[in-house]
Amino acid sequence: MNEPVARRDVFPRIAACGDCALAIEFAEHIDEAVNARVIALATALADCPIAGIEEMVPTYRSLMVLYDPEIVSGRVLRQTLATRLAGLAVGRTPLRRFRVPVLYGGAAGLDLAELAAMKNMTPADLIEMHASADYRVYMIGFAPGFVYLGGVPEALHTPRLPQPRQHIAAGSIGLGGQQASINSVPGPSGWRFLGRTPVRVFDPARPQPFLLRAGDRVRFQPISLEEATRLDVAVAAGEIGMTAEGAL
Amino acid sequence: MALEILKPGLATTVQDLGRPGYYHLGIPLSGGMDRLALAAANLLVGNDEGDAVLEAVFLGPEIRFTTDAVIAVTGADMPLKIDGVELSTWTTLAIKADQVLSFGFLKAGARIYIAVAGGIDVPVVLGSRSTYPLGALGGHQGRTLKAGDALATLPPKRAMAPGSTIAPERRRGPGTSPVLRVLPGLYWHRITAEAGNGFFDDTWKVAPEADRIGYRFRGGRPLEFVPREPPFGAGSDPSNIVDSCYPYGSIQVPGGTEPIVLHRDAVSGGGYFMIGTVISADMDLIGQLQPNQKVRFVKVTMDEALAARKDAQATAARIRASF
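About the criteria used
- Residues numbered from 1 in each chain as written.
- Chains lettered and ligands numbered in written order.
- Predicted model: local features only at pLDDT ≥ 70, side-chain atom pairs only at ≥ 80, totals over all residues.
- Heavy atoms only, no water.
- Pairing = 2+ DSSP bridges.
- Helix = DSSP H or I, 4+ residues; strand = E, 2+ residues; numbered from the N terminus.
- Axes fitted to C-alpha atoms, helices over the stretch in contact; angles between N-to-C directions.
- Contact = heavy atoms within 4.5 Å.
- Left-handed = near helix turned anticlockwise from the far one by under 90°.
- Nonpolar A, V, L, I, M, F, W, Y, C, P; charged D, E, K, R; others polar.
- Buried area = accessible area lost by both parts, 1.4 Å probe.
- Salt bridge = Lys/Arg side-chain N within 4 Å of Asp/Glu carboxyl O.
- Domains from an automatic or database assignment.
- Polar contact = N/O pair within 3.5 Å; in protein donor to acceptor, adjacent residues only side chain to side chain.
- Core = buried A, V, L, I, M, F, W, Y, C linked by side-chain atoms within 4.5 Å.
- Buried < 20%, exposed > 50% of the residue type's maximum accessible area, 1.4 Å probe, protein only.

Some remarks on the sheet that holds strand S8 (residues 93-95) of chain B
Residues and elements named next belong to chain B. Judged by pairing direction, the sheet is antiparallel, and its 5 strands sit side by side in the order S2-S3-S10-S5-S8 without closing on themselves. The open sheet has two edge strands, strand S2 (13-15) and S8, and neither has a second partner. Here the strands of the sheet are splayed against their neighbours by 35° on average, with no regard to which way each runs. As paired elements, strand S3 (residues 53-57) and strand S10 (residues 108-116) share 4 bridges and run antiparallel to each other. The residue bridging Glu55 from the neighbouring strand is Tyr113, located in S10. Taken strand by strand, helix H1 (residues 35-44) contacts S2, S3, strand S5 (69-77) and S10, and its axis lies near 155° from that of S5.

Below you can see the structure in the form of structure tokens.
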């Protein structure tokens, strides 16, 4: 018997992704409550593991489970996950809040002026709008430590570039569709960029390579070139360069 | 130091069996693209199966050994030479200090594995010696090798007699008309039935964009989508989804035109829909495909996928048992 392929978009759904992975999809849109359920399921599975699950990858709206089919069959795992899902409680986990310093514009703010013009705003208005929003880390991934943020004000929603750029620096602060980013490693991107942070959200040489995780809250703090230069030096010397605003 | 890289080849990296456990942070498994060939090379020099070796793609490196060593090369069909004299692949070889290992032109397959007794000695990063260049992680300084790089090896674990070999029938290659078996997946229902049939009927060709992150294919018909309203956050292209996890082997089709199969250095997520996943048993095979090679995708059931996985494990077990 074949594993049933999910035929319709009915949620939640559990679907095979090859012979070593299952996806539990809660929805197909961006929604904070949906993301909270994804994280709650990942947390519940971490606290009370199912033998055979090797890795769990939480995303905006789904949890990908990588498993070893020699330890647990996909059919059994699917049933076990369905049972866990039925009893899933979304608890109040303490939120972590961070303020990330951003040097808007300049060499890293590739699209600031054009985006402001597109939106009939001054660059200063756009910066204020971007920096006043409360963002949620929905997902880490794509590249090591890449931070996907939701909570972008609707006025800043922006189509991606038709042609991706080949080199975007680590630390770049981006907008893509309804999503925002803190880029973690250099690489190609079709998103639009407003500036950069001296903070390295990913640094494999640091005892704590990753600074943020799904569920964290982030606000951006505009800083001057002098402050950015000072932070660049501090970060190079091993400092984190951003402040935690404490648990809520 | 034991190895001095005289010529690096095209993209030669240090690889072992990878770095599981960090995909949720965007760090992929990495490790050998052809894991069976990597393990076989290690066994031939008395290493553990997952010790660090060199993986070279399309073009072999030129390496001067600064100490006597025991080596073996497996994987693609690429003539191997020591001081210009052609010797056998898939065979334990002794090389002396100051001798140079080099390679002729690739005849079939894509990747060779060069194992040295003891294994390549680079720092273990997050549990593995594998190179992940995008994250500048692991391997030799987190990157592909360059001329002038010097690599050390760890002390050999077991002595292997030169001339030990793996029988030709136990070696695995891409063959002349490779087939990649596929389990239709998460978003299969978003393309029309005709498009689904076309995907499996068409002959595809490996595109030049084929690397450790993923293999792109072209030449088949574009996919037709079932009409729908895009969900909030997904963008208007019907091949877009709200960013999600890409499992290894998953087949994404940006714009519905050219399928990309993600491999060992996969990006962990992104916003393209996936029509299915290449079965785990066929992942090694992808690592031995060359650009322009013709490939077909064949639909299988989960039971067939698991049977193929068992077959692949039995092949590995037979190689292991022969040592």
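Quick notes on the environment of Gly269 of chain B
Mapped onto the elements, Gly269 of chain B comes out in strand S19 (residues 269-272). Between the C-alpha atoms of Gly269 of chain B and Gly220 of chain B, which are 49 residues apart in sequence, the distance is 25 Å. Excluding anything up to four places from it in sequence, Gly269 of chain B contacts Met139, Phe142 and Tyr148 of chain A together with Ser244, Cys245 and Tyr246 of chain B.

Some thoughts on the packing of helix H1 (residues 32-47) of chain A against helix H2 (residues 74-86) of chain A
Helix packing for two helices is described by the angle between their axes and how far apart those axes are. All names here are of chain A. Interaxial distance between H1 and H2 falls to 11 Å at its minimum, and their mutual angle equals 115°. The two elements H1 and H2 meet at a crossing, and its hand is right-handed. Here H1 contributes Arg37, Leu41, Ala44 and Leu45 to the contact with H2, which in turn contributes Leu81, Arg84 and Leu85. Class assignment of the residues belonging to the contact of H1 with H2 gives a composition of 5 nonpolar, no polar and 2 charged.

Overview of the interface of chain A and chain B
Taken together, the 53 residues of chain A in the interface contact 46 residues of chain B. Of the roughly 4,000 Å² buried between chain A and chain B, counting both surfaces, carbon and sulfur atoms make up 58%. Three residues stand out in chain A for area buried against chain B, namely Asp19, Glu55 and Phe142 of chain A, and they jointly supply 14% of the buried area on that side. Inspection of the chain A/chain B interface yields 6 salt bridges. Linking Asp303 of chain B and Arg75 of chain A is a salt bridge whose minimum nitrogen-to-oxygen distance equals 3.2 Å.

A word on the sheet that holds strand S1 (residues 3-7) of chain B
Residues and elements named next belong to chain B. Strand order across the open sheet formed by 7 strands is S7-S6-S9-S4-S1-S12-S11, with antiparallel pairing between neighbours. Looking at strand neighbours, the two that pair on one side only are strand S7 (85-87) and strand S11 (120-121), the edges of this open sheet. Summarising the sheet, strand S6 (residues 80-82) and S7 pair through 3 bridges and their orientation is antiparallel. Bridge pairing in S7 links Leu80 to Leu87.

Structural notes on the domain arrangement of chain B
Residue and element names in this part refer to chain B. Partitioning chain B into structural domains gives domain 1 (3-170) and domain 2 (179-320). Each side of the interface is counted separately: domain 1 has 31 residues, and domain 2 has 25 residues. Summed over both sides, the interface between domain 1 and domain 2 buries roughly 2,200 Å², with carbon and sulfur atoms accounting for 55% of that surface. Ranking the residues of domain 1 by area buried against domain 2 places Tyr23, Met33 and Arg170 at the top, with a combined share of 32%. Applying the counting rule to domain 1 against domain 2 returns 2 salt bridges. The salt bridge partner of Glu49 is Arg320, with a shortest N-O separation of 2.4 Å. At the boundary of domain 1 with domain 2, the tally comes to 19 residue pairs in polar contact (both at pLDDT 80 or more).

With respect to the domain arrangement of chain A
Residues and elements named next belong to chain A. For chain A, the domain assignment lists domain 1 (13-86) and domain 2 (96-247). The C-alpha centroid of domain 2 is placed 29 Å from the C-alpha centroid of domain 1. In this assembly, 9 residues from domain 1 lie in contact with 11 residues from domain 2. Three residues, Ile30, Glu32 and Tyr60, lead the burial of domain 1 against domain 2; their summed loss comes to 60% of the area buried on that side. Note that Arg217 and Glu32 form a salt bridge whose closest N and O atoms lie 2.6 Å from each other. Our count for the contact surface shared by domain 1 and domain 2 stands at 4 residue pairs in polar contact (both at pLDDT 80 or more). No other element matches H1, which puts 4 residues into the side of domain 1 that touches domain 2.

Quick look at the side chain of Ser128 of chain B
In this fold, Ser128 of chain B is placed in the loop between S11 and strand S12 (150-153). Leaving out residues up to four positions away in the same chain, Ser128 of chain B has contacts with Asp16, Gly18, Arg19 and Pro123 of chain B.

A short note on the nonpolar core
One finds Leu180, Tyr215, Phe217, Phe273, Ile275 and Phe297 of chain B to be the most contacted residues of the largest nonpolar core, which totals 65 residues. Among the elements that line this core, the one with the most residues is H1 of chain B, at 7 residues. Residues Tyr60, Leu115 and Met242 of chain A together with Ile27 of chain B belong to the second largest nonpolar core, which totals 50 residues.

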